[in-house]
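Single-letter residue listing:
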Amino acid sequence: MDFDKDVVIEEYIKQNIRSQTYKTIAMRVGQQFGVYVSEHTVKQKTQQLGLKRRECVPDADLHKEVDNSVTCLGPCCGKRLVKGHLLSKGIKASEKRIGDMMRELRPREHAVRVGLHRQLRNPIPYTARYFGHKLHIDQNEKLVMHGMCHICAIDGYSSKIIRHCVFPAKNCVDIYADFYIPMLLEYGMRATLRVDHSTEWNLMLSVQDYLKTHRPEIDRKPYIQSKSSENLKIERYWVGVNQKVNYPIKLLLNEMASDSEFDLDSNFEKTSVSYFVCNVARYAVKQHTAAWNNHRIAGRGIPNELASNSAKRLRTPSNIPDRDTAVHSYPGKLKQQCSWYTPLPAVLQPVLKSKFNERTQQSLMSSTRSLFSTDQLNSRAIYDCIC
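Residues numbered from 1 in each chain as written. Predicted model: local features only at pLDDT ≥ 70, side-chain atom pairs only at ≥ 80, totals over all residues. Heavy atoms only, no water.

Peer 1: I keep staring at the packing of helix α8 (residues 172-187) against helix α9 (residues 202-210) and nothing clicks. Help me out?
Peer 2: In a pair of packed helices, the angle between the axes and the distance between the axes together describe the arrangement. Remark: α8 packs on α9, axes separated minimally by 7 Å, with the N-to-C direction vectors making an angle of 55°. Relative to α9, the element α8 lies oblique. Each of C172, V173, Y176, F179 and Y180 in α8 lies in contact with α9, whose residues at this interface are L203, M204, V207 and Q208. Of the residues in the contact of α8 with α9, the class split is eight nonpolar, one polar and no charged. (Axes fitted to C-alpha atoms, helices over the stretch in contact; angles between N-to-C directions. Helix = DSSP H or I, 4+ residues; strand = E, 2+ residues; numbered from the N terminus. Parallel < 35°, antiparallel > 145°, perpendicular 65-115°, else oblique. Contact = heavy atoms within 4.5 Å. Nonpolar A, V, L, I, M, F, W, Y, C, P; charged D, E, K, R; others polar.)

So this is what it looks like as structure tokens:
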């Protein structure tokens with residue numbers, strides 16, 4: 001009987017070790033075969049059989065993937081963000097292995113990161129009870145003079161990036177139509193929005209107040225306006241975006257401007273620069289957002305998992321005003337579109353490419369290659385992607 005018991009346990013372990021935990025295997029063996037076995041015994045048998053719960057990525061392959069991720073995300077990224085980036089590509093590895101390889105691959109950057117690392121603690125603990133309780137929205141204008149700005153929303157409970165858009169200029173109508181409405185349709189009404197005092201939020205906040213009865217907690221304020229420095233939840237995210245996206249692109253554009261490769265006083269050339277910069281930034285932001293939403297936050301968990309596991313379900317209003325209706329019903333005066341920018345129709349894109357000379361294209365693509373290159377990506381692939 002002892003021999004039969006061992007055979008039953010071993011066969012069940014071989015078939016299910018990859019899909020079930022030790023505790024589940026012990027429970028299922030007892031339920032199906034009437035044989036009592038402890039969790040410790042299952043773990044011991046697994047080690048004796050030379051099996052592992054997860055298939056381990058070979059060191060050589062993981063070494064290459066970590067190197068590519070650090071190149072893609074920038075040397076300032078930590079092991080958790082690199083792990084999130086790998087998870088977004090379906091590659092699983094422990095933080096310890098990733099950290100050891102980053103220390104070996106980039107010792108200088110590792111020393112700088114350790115030296116500058118500070119655990120900033122808020123004396124007033126931040127609380128958000130469920131997914132959708134608080135939504136933090138902010139803008140990033142580091143490249144606004146070159147025709148590009150970021151608008152981003154992050155959930156307070158899960159820290160998931162709900163939406164991150166790149167616009168040529170701040171415009172309240174575009175923010176409402178291309179940022180706020182898609183967010184409502186996909187995730188539903190938030191209890192409270194937090195923004196700064198900028199006027200580009202006016203139309204969005206007006207509709208948020210109009211739809212406030214659809215929120216999960218109607219006794220709360222529909223929105224809060226405060227200083228950007230007090231919107232800490234999203235300010236932490238901008239640090240990575242600046243280091244991995246904005247500053248490298250800005251450095252290149254400043255070099256190109258000093259060489260007189262474009263003239264920002266010309267509306268057409270500024271629109272051309274804006275067109276390319278926005279598309280390169282969207283490409284970089286897509287990678288950074290995927291890594292952020294899959295990285296582990298100490299003491300909290302992974303943003304995507306926290307959002308999906310939240311018990312609270314948000315309502316999507318059926319009476320969301322469209323762009324024109326919202327503009328006409330707004331009681332005040334809305335900020336107008338900037339004077340220099342004109343959306344480029346498809347027929348003008350060949351003209352733009354010829355106007356934006358070959359040397360400028362090569363400079364922009366070579367910089368992009370240095371920022372986001374891996375063995376699978378090159379300047380031509382990125383050029384095809386953004387054009």
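Still more to cover.
Peer 1: Which parts of the structure should I look at to understand the pattern of salt bridges?
Peer 2: Should the charged atoms of two oppositely charged side chains come close, the side chains can pair. Per the stated rule, a full pass over the model turns up 14 salt bridges. Across the pair K170 and E141 runs a salt bridge whose closest N-O atoms are separated by 2.6 Å. Of the two residues, K170 sits in the loop between β3 (161-167) and α8 while E141 sits in the loop between β1 (134-140) and β2 (149-155), which places them 29 residues apart along the sequence. Here E200 ties to K170 by a salt bridge, and the two come within 3.6 Å at their closest N and O atoms. With E200 in the loop between β4 (192-195) and α9 and K170 in the loop between β3 and α8, this pair connects stretches of sequence that are 30 residues apart. An identical accessibility class is assigned to E200 and K170; each is buried. Bridged by salt links that share partners, the residues R80, E95 and R296 form one connected network. (Salt bridge = Lys/Arg side-chain N within 4 Å of Asp/Glu carboxyl O. Buried < 20%, exposed > 50% of the residue type's maximum accessible area, 1.4 Å probe, protein only.)

Peer 1: So what exactly am I meant to see when it comes to the side chain of N231 here?
Peer 2: Turning to its location among the elements, N231 is positioned in the loop between β5 (223-225) and α10 (232-258). A distance of 3.5 Å separates the side chain of N231 from the backbone oxygen of R194, its partner in a polar contact. (Polar contact = N/O pair within 3.5 Å; in protein donor to acceptor, adjacent residues only side chain to side chain.)

Peer 1: How should I be thinking about the environment of M102 in this particular structure?
Peer 2: The residue M102 is located in helix α6 (residues 95-105) in this model. Measuring from C-alpha to C-alpha, the distance between M102 and V82 comes to 9.3 Å, with 20 residues separating the pair along the chain. When near neighbours in sequence (up to four residues on either side) are disregarded, M102 contacts V66, V70, C77, G78, K79, V82, P107 and R113.

Peer 1: Would you explain the sheet that holds β4 in this entry?
Peer 2: Picture the strands of a sheet paired through backbone hydrogen bonds; they go either parallel or antiparallel. Taken in spatial order, the five strands of this open sheet run β3-β2-β1-β4-β5, and their pairing is mixed. Each of the sheet's edge strands pairs with one partner strand only, and the pair in question is β3 and β5. Along the sheet, successive strands turn relative to each other by an average axial angle of 15°, direction set aside. By the bridge criterion, three bridges tie β4 to β5 in an arrangement that is parallel. By the bridge assignment, V195 is partnered in β5 with Q225. Sheet strands in contact with α8 are β1, β2, β3 and β4, and its direction is about 160° off that of β3. Across the face of the sheet, α9 comes into contact with β1, β4 and β5 while running at roughly 160° to β4. (Pairing = 2+ DSSP bridges.)

Peer 1: For this particular structure, what's the right way to read the packing of aromatic side chains?
Peer 2: Here the distance between the centres and the angle between the planes together describe a pair of aromatic rings. Following the criterion strictly, the structure yields five aromatic pairs and no others. The interplanar angle of 70° and the centroid separation of 6.1 Å between the aromatic rings of F131 and Y187 together place this pair among those described as edge-to-face. With F131 in the loop between α7 (107-116) and β1 and Y187 in helix α8, this pair connects stretches of sequence that are 56 residues apart. You'll find F131 and Y187 in the same group, each marked buried. (Phe/Tyr/Trp six-rings, centres within 6.5 Å; stacked < 30°, edge-to-face > 60°.)

Peer 1: How should I be thinking about unusual backbone geometry in this particular structure?
Peer 2: A negative phi angle characterises most non-glycine residues, just as the trans form characterises most peptide bonds. One non-glycine residue, S159, lies in positive phi territory at about 65°. Tracing the backbone shows S159 in the loop between β2 and β3.

On their own, these measurements won't tell you what the molecule is for.
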